[in-house]
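Structural description and commentary
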Amino acid sequence: MENQQEGPVRRERGVGRRRVLIASVAGCAVLGGVLVLLPREPAEPAPPSPGALAMAAVGGGAPAALPGLAELIGEREKAVRARPGDAASWAVLGVAYTERGRRLADPAYYPRAEKALRTSLKVRPQRNTRAVAGLAALANARRDFRTARRWGEAALRLEPRRWTTYPLLIDAYTGLGEHKAAQRTLDRLTELRSGPAVLARAAAVHRDRGRLEDAAASLADAAAGARDPVERAAYLEQAGRLAFERGDLDIALRHFREAVRLDPDQRAARAGQGRALAALGRTTEALKAYPVALAGQPCPQYALELGELYESLGMPDAARAQYGLVRERVRGAAAGGADEGLVLGRLEADHGDPAAAVRRLRAEWKRRPGTEVADALGWALYRAGEPAQALRFALRATDPERGGGLRDAVYMYHRGMIERALERHGAARRHLTEALRINPHFSPLHVPAARTAIEALGEPPDAGVPGMDDGVG
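Here we summarise the structure given alongside this text. Since we're looking at a predicted model, the values are computed, not measured. (Residues numbered from 1 in each chain as written. Predicted model: local features only at pLDDT ≥ 70, side-chain atom pairs only at ≥ 80, totals over all residues. Heavy atoms only, no water.)

We now examine empty space enclosed by the protein. Here the idea is plain: a probe the size of a water molecule rolls over the atoms and shows the empty space left. Overall, the coordinates contain one cavity of 30 Å³ or more when judged by the stated rule. For the largest cavity, the calculated volume is near 30 Å³. Lining the largest cavity, in full, are Thr174, His179, Ala182, Gln183, Val205, Asp208 and Arg209. Only helix H9 (179–192) and helix H10 (196–208) provide two or more residues apiece to the lining of the largest cavity. Sort the elements by how many residues they give to the lining of the largest cavity and H9 lands first, with three residues. In terms of residue class, the lining of the largest cavity is built from two nonpolar, three polar and two charged. (1 Å grid on protein atoms, 1.4 Å probe; cavity = no way out; pocket = protein on both sides within 12 Å on 5 of 7 lines; lining within 4 Å. Points joined across faces, edges and corners; volume = space filled by probe spheres on them. Helix = DSSP H or I, 4+ residues; strand = E, 2+ residues; numbered from the N terminus. Nonpolar A, V, L, I, M, F, W, Y, C, P; charged D, E, K, R; others polar.)

Okay, here's the thing in structure tokens:
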């Protein structure tokens, strides 16, 4: 009887276990469904690659990091090998070559950039705005501003609302001394776009027109609004240059140091540190900063500055070595289609053959009649013994009515020395004093010469003396 009862009990237990198992499986299924329906924690997005960041910067008119540019170039070189008909990749490659050449002061990148951009146009000859604008950027990097203006205006006709074309045209117009056109282009740009890149471009225009407070405010806003460290470093370097030009050495040095901290490849800021440290009398530190800048960005202007610093310290052999480096870099730039004739003209005027400087700078003036070249040509003419001709160009560089709105200490010094040679003593005294007021540390070589000239001119005559109150006595 007992055994007969065990059978049904076992069957009931088995059924019970199966019910529990089924219930458990069902419960898991329901729980799984609930878990699927519950909101999940969002996964952290993968950070963009350096190449992607460089692509965004290049496309958005912002400075790009050197490692990112290298990665972007590698990606696009691979893309065009696989797809030779990819016009967009050819254009991006050309722009990346240009930017890397500019950042490294290596004109060897420029022929490669031109080949890539022209290949893009060959593949897609119609409405290829990216390639056309890229050729404008390349021409600006080579300081061929007439060509840059032509390509920039062509890009604007293709896409009038493409805002990144406007900064290219501003650079071209400025290089050609067409300051009103640069201002009109900036006005149109600010109607289309706002943001750090536009503020930085506005600052450059304000500076060139002598609106230094506006320039400083725009750069402060640009640096504050920049999200990428490399972009912020570029705007801080620009702010440092402006502060130095105004004689604010401590502020300039702070900007330069922060720029280098954010972007160790910001070699222009390294050179700026050298400039500011030398002006502060910290020459040992300055002599360390300049070679670091030149090692990463062998810009002829930095070599010229270092040479003049050596000369001011009574180190003629070291100075000559740097002047030789300037000539070497200018030849290398010419091989890449880049124009460094302005720097060479400045070198020859002060440390070589002034007559050769005049010939070179006259040729520069025909190519790009901007404020910088006007000042350099005027100074070369003075150094070559032709002060009457020199004054015409000095006025062009410093007189707002003639296009020279920038209040630059070097330009004022040059004008004052030219006027002194012409015996326009009142004007000479006024402009030499103005140079030292703008920036009493504008040059380790020329500041002492300015002070000596002012002392030689003596005190201004008493007011009311006939013939002596018009600045031409």
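This part is about unusual backbone geometry. A positive phi is found at arginine 127, a non-glycine position, where the angle reads about 50°. The phi dihedral of arginine 143 falls on the positive side, at around 65°, and the residue is not glycine. On the secondary structure map, arginine 143 appears in the loop between helix H6 (129–141) and helix H7 (145–158). Classification of arginine 143 as partly exposed rests on a relative accessible area of 30%. (Buried < 20%, exposed > 50% of the residue type's maximum accessible area, 1.4 Å probe, protein only.)

Most of helix H8 (residues 165–175) sits out of view: nine of its eleven residues are buried. Next to the buried residues of H8 lie H6, H7, H9 and H10. (Contact = heavy atoms within 4.5 Å.)

Positionally, leucine 66 belongs in helix H3 (residues 66–82). On a C-alpha basis, the gap between leucine 66 and leucine 104 in space is 8.6 Å, while along the polypeptide they are 38 residues apart.

Further remarks concern the nonpolar core. Within the largest apolar cluster, 39 residues are counted, with the highest numbers of intra-cluster contacts made by Trp163, Ile170, Leu186, Leu189, Leu219 and Tyr235. Contributions of two or more residues to this core are made by H8, H9, H10, helix H11 (212–225), helix H12 (229–245), helix H13 (249–262) and helix H14 (267–279). Per-element tally for this core: the top contributor is H12, with eight residues. With near-sequence residues (within four places) excluded, tyrosine 235 lies in contact with Pro63, Pro196, Ala197, Ala200, Leu219, Ala222, Ala223 and Ala226. Among the nonpolar cores identified, the runner-up in size contains 37 residues, and Tyr382, Phe393, Ala394 and Phe442 belong to it. (Core = buried A, V, L, I, M, F, W, Y, C linked by side-chain atoms within 4.5 Å.)

Quick look at the side chain of arginine 429 now. Relative to the helices and strands, arginine 429 resides in helix H23 (residues 425–438). This buried residue, arginine 429, is left without a salt bridge; glutamate 459 holds the nearest opposite charge, at 6.7 Å. For arginine 429, the side chain forms a polar contact with the main-chain oxygen of leucine 457, separated by 3.2 Å. (Lys, Arg positive; Asp, Glu negative; His and termini not counted. Salt bridge = Lys/Arg side-chain N within 4 Å of Asp/Glu carboxyl O. Polar contact = N/O pair within 3.5 Å; in protein donor to acceptor, adjacent residues only side chain to side chain.)

With that settled, the discussion passes to the pattern of salt bridges. Oppositely charged side chains can form a pair if their charged atoms are brought close together. All chains considered together, the criterion is met by 31 salt bridges. One salt bridge in this structure joins arginine 112 and glutamate 77, with 4.0 Å as the shortest N-O distance. With arginine 112 in helix H5 (residues 109–123) and glutamate 77 in helix H3, this residue pair connects regions lying 35 residues apart in the sequence. Its relative accessible area of 41% is what places arginine 112 among the partly exposed residues. Between aspartate 339 and arginine 367 there is a salt bridge, with its nearest N and O atoms 3.6 Å apart. Of this pair, aspartate 339 sits in the loop between helix H17 (316–335) and helix H18 (341–351) while arginine 367 sits in helix H19 (residues 354–367), and the two are 28 residues apart along the sequence. Taking relative accessible area as the criterion, aspartate 339 reaches 13% and is therefore assigned buried. Overall, arginine 367 belongs to the partly exposed group, its relative accessible area being 42%.

Relative to the helices and strands, alanine 220 resides in helix H11. In this structure alanine 220 comes out as partly exposed when scored by relative accessible area, which is 46%. With 21 residues separating them in the primary sequence, alanine 220 and leucine 199 have C-alpha atoms 9.0 Å apart.

Any link to function would need more than the numbers given here.
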